[in-house]
Structures are given as C-alpha cells and as structure tokens.
Amino acid sequence: MEQEKIIVLDFGGQYNQLIARRVRECNVYAEIYPYTTELSVIREMNPKGIIFTGGPNSVYDSASPHFAREICDLQIPILGICYGAQLLSWMEGGEVETAPVSEYGHTELQVDESSDALFKGVTPGTVVWMSHTDYISKVPEGFRITAHTKDCPVAAMSCPERRLYAVQFHPEVMHTREGQTMLRNFVLGVCGCSGEWKMGSFVEQSIHSLREKIGDGKVLCALSGGVDSSVAAVLLSKAVGRQLTCVFVDHGLLRKKEGDEVEAIFGPNGHYELNFIRVNAQQRYYQKLAGVTQPEQKRKIIGEEFIRVFEEEAKKLGTVDYLVQGTIYPDVIESGLGKSAVIKSHHNVGGLPDVVDFREIIEPLRMLFKDEVRKAGLELGLPSYLVNRQPFPGPGLGVRIIGEVTEEKVKIVQEADAIFREEIQKTGLDQSLGQYFAALSNMRSVGVMGDFRTYDYAIVLRAVNTSDFMTAEAAPLPWDLINRVTNRIVNEVKGVNRCLLDTTSKPPSTIELE
C-alpha cells in the first residue's frame, strides 16, 4: 500500500473521496489529506503524484484555503481539479476571476491539444461535468491551454515539462463520460505508476501487520453482522485466532430477524473460529434515544452506547488490549477530514466518546471503500451471500426513522422494510441494485381504511444504483412492483396508511435519510 501512493489534497470539495476512489480503480493506492498538511510531511511521504480537489471558495480571497507554492517545485506531478485548477494557476502567477457565465452540469469539451498527456484517447467533443463560478482568465507563464468550452476559455491547461496539469471540470464524477480515462492518463501515464495495487496484497499485509501489532494481546471486536464488521472480524480471526472475542450488540435497531441471523452465522454453531457474545440491549437504547430528534445527536448517542457496552463486556472478560471496529474510508471522510465539512457523524468515527477503556482502537478497513471491503471479504473466503448482503448503517434503523425513535416506530419500519426487501428479491432486482430499504418519515396524514378515517405514518421507499456509495442515482423501479409493495405495506403494517418514493440522487441527498 505504501510503495506507490497518490495524495489527494482536500480543499473542501464535495467529491474528494470520489477522486481517491477513482485513482484506486487504476490499481493505484490513494489517500486523502487536508490542505493543512505540512509540506515537509508530503515530502517525506514521497508520493508518485498529487491531486488538488475542488472546493467552494475563491482563490483570490485571502480567507480561502491555500497551500505553500513550493509544492510545485517538488518535481512531483500535480493535477488540479476545479478549485484545485484555479489554485494551481494562482500559485504559478496566473489570474483567476469571477466568470462572466457560470457553468453547471453537462458541458461539451473542445480539446485544443489532443497530444496532451491528459487527453490521450479522449473522444473529441466529449461531455464533462462543470460546477464553477470563477474561472482562469489568464494562464501562468509556461502553461498552455489544452481544452475549452463555449463559456470557459481555460477548461484545461498544462505545463508538461514540470508535469503540472489542471482541469476546470470534474473528471471524477460519472457525468464526465471519459473522466476515468483522463485520471488513468494522469496516474499511470504522467505519474508513471505501475498499477499493481491489489486487494490480495492488502489482505496478506493486513494479517501480517495485525499479528505483529497485537502479539499475545486480547482483542474485542464490535460485530454488527454487516459487511464491514464481518470482514474485520474474519481478518482478525485469521491474524490472532481465539485471542479474538466478537461482541454483537443487538440494540433493537436492526432489521427484522437480523439479530438471530447474525448469531446463526457467527455464533457457536456458525462457521468461524472466534468467541461470540450477544448482548441484548434494546431497552437501554430506547431509553437513551427517548425524546431525541436530531440526526447528529442520535448518531452520537448510539456511538457512545456502543463503546460503553463494549467496555462493560471487556471488564467481564478481564484485560482486553484492543477494540476492533469495521470503520471504512467513507465513514472517516463524511465525519469530517481536517477542515472539511461534516456530512454526517458515523457511530464508529464522529460518535466516539473522549474516553475509551482500551489500550487502542484498531480499524483494519479504515482506508477501504465499500466495494474494496467486499473484495477483501471474498479474498478472506467469506461466502458471497454474506459479502454482498444489503448495506446497513451502523446506527441501524435509528437513522431510518425521522424524528424520535420509539419501540413502536422500530416495529413499523422493520415490517415495512422486510416487505420491500422480499418483493425486490422476488423480482431478481436485488442482484443489480446498490441499496434499497424502507424508512419511516415523521409525517402523519389522513387516510381511509374501510369506513374509518385514519391518521397514520408514511413510509419512504428508496432504491439506488451505485458502484462506490460516494455517488448514487435513484433506481427506476417497475411501477407494478411499487404498487405491490405499497398495497402490502398499508394492509399488513399497522400504523401506516401511505407510501412515498424517494427519487433523489446523491448528491444532493445522501443515500440514507439521516
């Protein structure tokens, strides 16, 4: 992982995690660092390349995020994207101004220098995704304009001699049709990466490093039964065997029958060699969440209770040296990286309390994206039905219930979600959808059932297509399926008289409702 690395410097862009993900699709390891990272630290890391992300600011504003101009003299290839492109121009003596015409959305790109390394193999007139109000009005000395659009005279520029490149558009999003080709050209062509980073080597190295780190210490693993914690548990089991105890906390916010399913897989009669403890803490969570309506507060409460339960179980076991969590890279990024905006606090990142009763927390999947976690699971020999199961948020149904969480509401959403998932599976769509679930809105409305007036809740149905869970498009479900699900839910689930369909993409929404 450390031999070839691309550094993504985050200047507050909403797509920063997606840039790293796209680089990894080139089989090159990438990590995101805040723009406040010291130049000396970057120099020590000796990356093969550096990417400046986009951001909401204007480079000519002194309060905007900047970086030491000396980074351009490290003889390390740099690619600036959107704000990153403007920053590179500004650092090198170019001019950036408010654009006469802002560009948003799909835009046709005219490549002026087809021989430019970034545009090798790119179709003339390809469509890119623009999102900017400022633009580069004058390129720095030594740079040449390599592409333009109808309203943007400098859609791309480069100084090949110094291996400095910039694009005003976003090659990382799927709306830029040949963006991955451009990023591949930069990573493999300009940066000279070999593209040999594989998941198999990650698994092998992780097991080896975990075994060395832990030694004969005792390990406690937070096992939710989801993909992330399951892969983390098996990875630790391969490394330290019976030194590992997995604690499964049934917080009463799981999907229907899921607690029993988790125990069947990992418990005493399961397939894995590990110590398994189930803690039934449903009422404890309901009491803690009573009256709480804010999503962030709910997440933090659930996160803190997770830790407290583990502390209690650890004391019963005697000395426990390490706590293992299934934290993955999107959890870390969305919970706030450096001075980036917090999208949402994850129960195992932003929700951690200040004092934890263990020597250290181990997060072996912390630098992996969701699809990479699945690949790691297959490398470890986990069955595909477990690795490819539907994603489930760490805080569980606590963030699929808008407003206060109660035992009654949990029951409602469990039943509705079970119906939705059952009908999806009957159609075979479960093999192609990225994620699908039912959530409970906080809206109550008037309905009529038989000869009686009702005033009940509305269920929200959501299904998305996604490859990386960083961006997602609402999935076009068959109307007969939606009708069938709606009829079953309003007839079979007490307390519901209406179903709504969420057709919003990510961004601007998130996949989960809270």
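Reading the values: rules and limits
- Residues numbered from 1 in each chain as written.
- Predicted model: local features only at pLDDT ≥ 70, side-chain atom pairs only at ≥ 80, totals over all residues.
- Heavy atoms only, no water.
- Helix = DSSP H or I, 4+ residues; strand = E, 2+ residues; numbered from the N terminus.
- Buried < 20%, exposed > 50% of the residue type's maximum accessible area, 1.4 Å probe, protein only.
- Contact = heavy atoms within 4.5 Å.
- 1 Å grid on protein atoms, 1.4 Å probe; cavity = no way out; pocket = protein on both sides within 12 Å on 5 of 7 lines; lining within 4 Å.
- Points joined across faces, edges and corners; volume = space filled by probe spheres on them.
- Nonpolar A, V, L, I, M, F, W, Y, C, P; charged D, E, K, R; others polar.
- Pairing = 2+ DSSP bridges.
- Axes fitted to C-alpha atoms, helices over the stretch in contact; angles between N-to-C directions.

Draft legend 1. Structural context of the environment of Leu382. In this structure, Leu382 sits in the loop between helix H11 (370–379) and helix H12 (384–387). When its relative accessible area of 4% is taken as the criterion, Leu382 is described as buried. C-alpha separation for the pair Leu382 and His271, spaced 111 residues apart in sequence, amounts to 9.8 Å. In contact with Leu382, not counting residues within four places along its chain, are Ser230, Val231, Val234, Tyr272, Gly377 and Val387.

Draft legend 2. Representation of the side chain of Ser237. Within the secondary structure, Ser237 sits in helix H6 (residues 227–240). With relative accessibility at 17%, the residue Ser237 sits in the buried group. Setting aside anything within four residues of it in sequence, one finds Ser237 in contact with Leu244 and Glu273.

Draft legend 3. Broad picture of the layout of surface pockets. Roughly 830 Å³ of internal volume is contained in the largest pocket. Around the largest pocket, the lining is made up of 29 residues, and of these Tyr385, Asn388, Arg389, Gln390 and Tyr436 lie nearest the centre. Those elements that provide at least two residues to the lining of the largest pocket are helix H7 (258–266), H11, H12 and helix H13 (407–427). Residues of the lining of the largest pocket, tallied by class, amount to eight nonpolar, nine polar and 12 charged.

Draft legend 4. Here's a closer look at the sheet that holds strand S11 (residues 219–222). The strand order across the open sheet built from five strands is S13-S12-S11-S14-S15, with neighbouring strands paired in parallel fashion. Each edge of the open sheet is held by one strand with a lone partner, namely strand S13 (275–280) and strand S15 (360–362). For this sheet, the mean inter-axis angle between neighbouring strands, taken without regard to orientation, is 25°. In the packing of helix H5 (residues 199–214) onto the sheet, the strands contacted are S11, strand S14 (322–324) and S15, and the crossing angle to S15 comes to about 165°. Across the sheet, helix H9 (residues 295–317) touches S11, strand S12 (244–250), S13 and S14, and the angle it forms with S12 is around 135°.

Draft legend 5. Structural context of the pairing of strand S4 (residues 78–81). On S4, burial covers both faces: Ile78 and Gly80 on one face and Leu79 and Ile81 on the other are all buried. Alignment of strand S3 (residues 49–52) against S4, held across three bridges, turns out to be parallel. Pairing of Ile50 across the sheet is with Ile78, part of S4. Of the strand pairs in this sheet, S4 and strand S10 (residues 164–167) are connected by four bridges, and their pairing is parallel. Among the inter-strand pairings, Leu79 is bridged to a residue of S10, identified as Tyr165.

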